[in-house]
Each structure stands twice: as C-alpha cells, then as structure tokens.
Amino acid sequence: WLSGFTYPSGFLTAVLQTMSRAKGVAIDTLNWEFHVVEKSGDEITEGPKDGGVFVCGLYLEGARWDFSENQLAESLPMELMSQMPILHFKPVEGKKKINRNMYECPLYMYPVRTGTRERPSFVISVDLKSGNQTDDHWTKRGVALLLSSSE
C-alpha cells in the first residue's frame, strides 16, 4: 500500500538500498522490474521470496488492466479510473532493458499530475505490457498510475 507513505519515493529508495546491501552491490547498479501479480491481496500471506515489495491500491487512469490478456486495454465506457492489480516491484542488477510492447507508465501521487514546486507528484515510471498498441498510443491517451483517486 504505497499510498500510505508521505514520501513513497523514499520508501522505494529504501527497498533498493536493502537489496543493495543484501547483494553487496552499489545501489546505482540496481533497476526496477515490474510484474503483475495474479493473486488477490487475501491470497498473499508473505512477501516476495526474490526480494522487492508487493504494491496494491494503485489506480489506472485512461486505460484498464485486461486480466485475461495480462496487458493494458482501452477503458470501459464511462470509466475514468480502474483498479490496478497488485504489482511486484523487484530490484534487479544491470541496465534497464528496453522491451517492445511495454509502456513506461508514469506513477503519480495525485490526479493533479503537476504537483507543486516543493512536492512534485511524479514518483516513478512503471513498465506495463501495452498489448497490441504502441507506447505512443497510451502516451497520447494520458494513461498513468495514481496512488490516490482524489485530490
């Protein structure tokens, strides 16, 4: 539940630092991998075995998650936001791979994406499967993940 933190980026940095110390590598050599978890919150009884954290409570604005295809899909009519399934934020060593059919989805704290000068709203970019559409398609739609559905 990432939205429960005042500074979620600080929590994510702490997760990277924990993995860095456990593996004995520099924190700068770690990047994030993101995996959609196909379980509900009630079915998860312990943390990820291979490191990282499970994050729930995210909202997807401008699109929805297609559970059957495990990818982004067009929003349903009259639906501005949809619930995102649980994500596994996993720190990994090495350079970030550029994958086709992936959309670098920005994660914001609030629907007002600009934030303020003292406190920006942007947290991190999350790689999501874009399906048959290009990443430009989702960018033009303004698709983003949100920690909160209200301002």
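As a reminder, the structure under discussion sits directly above these lines.
Residues numbered from 1 in each chain as written. Predicted model: local features only at pLDDT ≥ 70, side-chain atom pairs only at ≥ 80, totals over all residues. Heavy atoms only, no water.

What's the story with the overall build of the protein in this structure? I'm lost.
Check the secondary structure of the protein and you find two helices and ten strands. Sequence-ordered secondary structure for the protein, helices as α and strands as β, is α-β-β-β-β-β-β-β-β-β-α-β. Here the C-alpha atoms of the protein give a radius of gyration of 15 Å, agreeing with the 15 Å that 2.2 N^0.38 yields for 151 residues. In terms of overall dimensions, the protein has a C-alpha envelope of 50 × 40 × 35 Å along the principal axes. (Helix = DSSP H or I, 4+ residues; strand = E, 2+ residues; numbered from the N terminus. Rg over C-alpha atoms; globule rule 2.2 N^0.38 Å.)

What am I meant to see in the pattern of salt bridges here?
If charged atoms from side chains of opposite charge come close, those side chains can pair. Enumeration over the complete set of coordinates arrives at two salt bridges. The partner of Asp50 in a salt bridge is Lys90, with the nearest N and O atoms 3.1 Å apart. In this pair, Asp50 is assigned in the loop between strand S1 (30-36) and strand S2 (53-55) and Lys90 in strand S7 (residues 87-93), connecting sequence segments 40 residues apart. What makes Asp50 partly exposed here is its relative accessible area of 42%. (Salt bridge = Lys/Arg side-chain N within 4 Å of Asp/Glu carboxyl O. Buried < 20%, exposed > 50% of the residue type's maximum accessible area, 1.4 Å probe, protein only.)

Quick question: what am I supposed to make of the nonpolar core here?
Burial of nonpolar side chains together is a common tendency in soluble globular proteins. Leu60, Phe89, Leu107, Ile124, Val126, Leu128 and Leu145 are the most contacted members of the largest nonpolar core, which has 30 residues in total. At the level of secondary structure, the elements contributing two or more residues to this core comprise helix H1 (8-23), S1, S2, S7, strand S8 (102-108) and strand S9 (122-129). Contacts of Leu107, omitting those with residues within four sequence positions, involve Leu2, Leu58, Ser121, Phe122, Val123, Ile124, Val126, Leu145, Leu146 and Leu147. (Core = buried A, V, L, I, M, F, W, Y, C linked by side-chain atoms within 4.5 Å. Contact = heavy atoms within 4.5 Å.)

I would appreciate a short explanation of the state of the cysteines in the present structure.
Any covalent bond linking the sulfur atoms of two cysteines counts as a disulfide. As enumerated under the stated definition, the model contains zero disulfides in all. Of the cysteine sulfurs around Cys105, a residue in no disulfide, the closest is that of Cys56, at 17 Å. (Disulfide = S-S within 2.5 Å.)

Any chance you could explain the layout of surface pockets here in plain terms?
Vacant regions in the atomic arrangement are exposed by a probe of water-molecule size rolled over the atoms. Approximately 400 Å³ is the volume found for the largest pocket. For the largest pocket, the lining is made up of 21 residues, of which Glu33, Phe34, His35, Asn99 and Met102 are closest to its centre. Counting residues per element, the ones that place at least two in the lining of the largest pocket are S1, S7 and S9. Among the elements that line the lining of the largest pocket, the one with the most residues is S1, at six residues. (1 Å grid on protein atoms, 1.4 Å probe; cavity = no way out; pocket = protein on both sides within 12 Å on 5 of 7 lines; lining within 4 Å. Points joined across faces, edges and corners; volume = space filled by probe spheres on them.)

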